[in-house]
Amino acid sequence: MQLRYNYRAYPDASQRRALASAFGCARVVWNDCLRDRKEAHAAGLPYVKSTELSRLRITQAKRTEERGWLADVSAVVLQQSLRDLDTACKNFFDSVKGKRQGRKVGPPRYKSKKDTRQSVRLNTNAFSLQDDGTVYVAKVGNLKAKWSRRLPAAPTSLTLTKDSSGRYFLSFVVDTEPDILPGLETEAGVDLGLSAFAVLSDGSKIDSPRFLRRAEKKLKRLQRELSRKVKGSKNRARARLKVARRHAKVADRRRDFHHKASTQIIRDNQAVYVEDLAVSGLGRTRLAKSVHDAGWSAFVGMLEYKAVRHGRTFAKVDRAFPSSQVCSACGFRDGPKPLHVREWTCDACATVHDRDHNASRNVLFEGRRIVATGRVETPNACGAPVRRTHVPAQRVEAGSPRKGQTTQTGTPGL
């Protein structure tokens, strides 16, 4: 399997200029080739092949006065930019034809030097690891890197990235064998939320750190200072950099929290089941900031790839499954409940349930069914079938407001 390892790089002044030139040349090749294909499509001409684009926009363009500076960077950077464009076009065509699973992929777009992320990709012909701990990059030099951990194998490709806060990163792709952990008997259903980040089926809870909410006070002050600076001035550039660094710090803390929590769950359980949440839909409600602050999608993605790496079982439960409406003790379904109802009593067996814990137990039962049988009916703890039916979304729980009407969403006191 392929894994990606990121390390912080610290280029000097001349290397930063060389990297800026590489970013710009790769961007120009991308935009020129994309423009040729769009113009050919608009004129009804055949699809322009990558070999023709490589000859026109790279080989011959270096000999012209207008694009002569393309020769100042490594040819691998330019060729990889064209290959990335081919991949983006293929993904778009496969998505339109239905060959690609998942969400629809849009057509490639032009790149700008004002984008928050600049990057170039290299193969093994344009970089190498040195004995002194530096990374040699063609036409750039030896870059100093902070090796937080050792690479498990020789890298097959390298991506150099500069983020909006001015930090540089080295991203290596490594082919490794799965690290299979010893087998366990425990399984876990995970219910993701906002009051508690995650509630497991065994009753344990992971508190929600709310990194963005905790940093809002300082971010508000920095944004206010940025808005007062004159556009185009150096003071505004410095103020923008302070805001970007603060946001990067929040993102780093959230990512570190996700990695630690997902690793612990994978190591402690042989099988992990998670509900497939509609994050994009919840991101259009009044809970949008809290939903994006939690970062559910990134966390579920980490659980998925770590389960594959360590030989664990992972499954997603369909979002239509009524995990909060069914009693995990007897299987009785008493309908939807508003978000402010955190505890409820089953009308059939009189069991008092914590909303999140009950949902995590139901996710566990449904996940076991998906992995074991794939039947339409889900047997719960007592063997009673719970049939998944199409129920319209409750306006108090999710959805967008209709025209002329308001929608009450959110958790009181959040």
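These remarks concern the structure in this document. (Residues numbered from 1 in each chain as written. Predicted model: local features only at pLDDT ≥ 70, side-chain atom pairs only at ≥ 80, totals over all residues. Heavy atoms only, no water.)

### With respect to helix α3 (residues 75–97)
Under the 1.5 Å per step criterion, the end-to-end length of α3 is 33 Å for 23 residues, consistent within 8% with the ideal 33 Å. Every buried residue belonging to α3 is among Val76, Val77, Leu78, Gln80, Ser81, Leu82, Leu85, Cys89, Asp94 and Ser95, and all of these are buried. Packed against the buried residues of α3 are α1 (13–42), α2 (50–59) and β2 (118–123). One or two residues past the end of α3 sits glycine 98, with phi positive at roughly 85 degrees. (Helix = DSSP H or I, 4+ residues; strand = E, 2+ residues; numbered from the N terminus. Expected span 1.5 Å × (residues − 1). Buried < 20%, exposed > 50% of the residue type's maximum accessible area, 1.4 Å probe, protein only. Contact = heavy atoms within 4.5 Å.)

### Some details on unusual backbone geometry
Non-glycine residue lysine 139 carries a positive phi angle of around 65 degrees. With respect to the element layout, lysine 139 can be found in the loop between β4 (135–137) and β5 (141–146). Even without being glycine, alanine 350 reaches a positive phi, approximately 65 degrees.

### Remarks on the sheet that holds β4
Taken in spatial order, the seven strands line up as β2-β6-β7-β1-β5-β4-β3 in an open sheet, and their pairing is antiparallel. The open sheet has two edge strands, β2 and β3 (127–129), and neither has a second partner. Each strand of the sheet is rotated relative to its neighbour by a mean of 30 degrees, with strand direction disregarded. Inspection of the sheet shows β3 paired to β4 by three bridges, in the antiparallel sense. When the sheet's bridge partners are listed, phenylalanine 127 is paired in β4 with valine 137. In the packing of α1 onto the sheet, the strands contacted are β2, β5, β6 (155–162) and β7 (168–175), and the crossing angle to β2 comes to about 90 degrees. (Pairing = 2+ DSSP bridges. Axes fitted to C-alpha atoms, helices over the stretch in contact; angles between N-to-C directions.)

### Quick look at empty space enclosed by the protein
In the structure shown here, the tally under the stated rule is one cavity of 30 Å³ or more. Estimated volume of the largest cavity: approximately 70 Å³. Lining of the largest cavity is provided by 13 residues; of these, Ala22, Val77, Val137, Ala138 and Val140 occupy positions nearest its centre. Among the secondary structure elements, those contributing two or more residues to the lining of the largest cavity are α1 and β2. When the residues that make up the lining of the largest cavity are grouped by side-chain class, the tally is 11 nonpolar, one polar and one charged. (1 Å grid on protein atoms, 1.4 Å probe; cavity = no way out; pocket = protein on both sides within 12 Å on 5 of 7 lines; lining within 4 Å. Points joined across faces, edges and corners; volume = space filled by probe spheres on them. Nonpolar A, V, L, I, M, F, W, Y, C, P; charged D, E, K, R; others polar.)

That is the geometry; function is a separate question.
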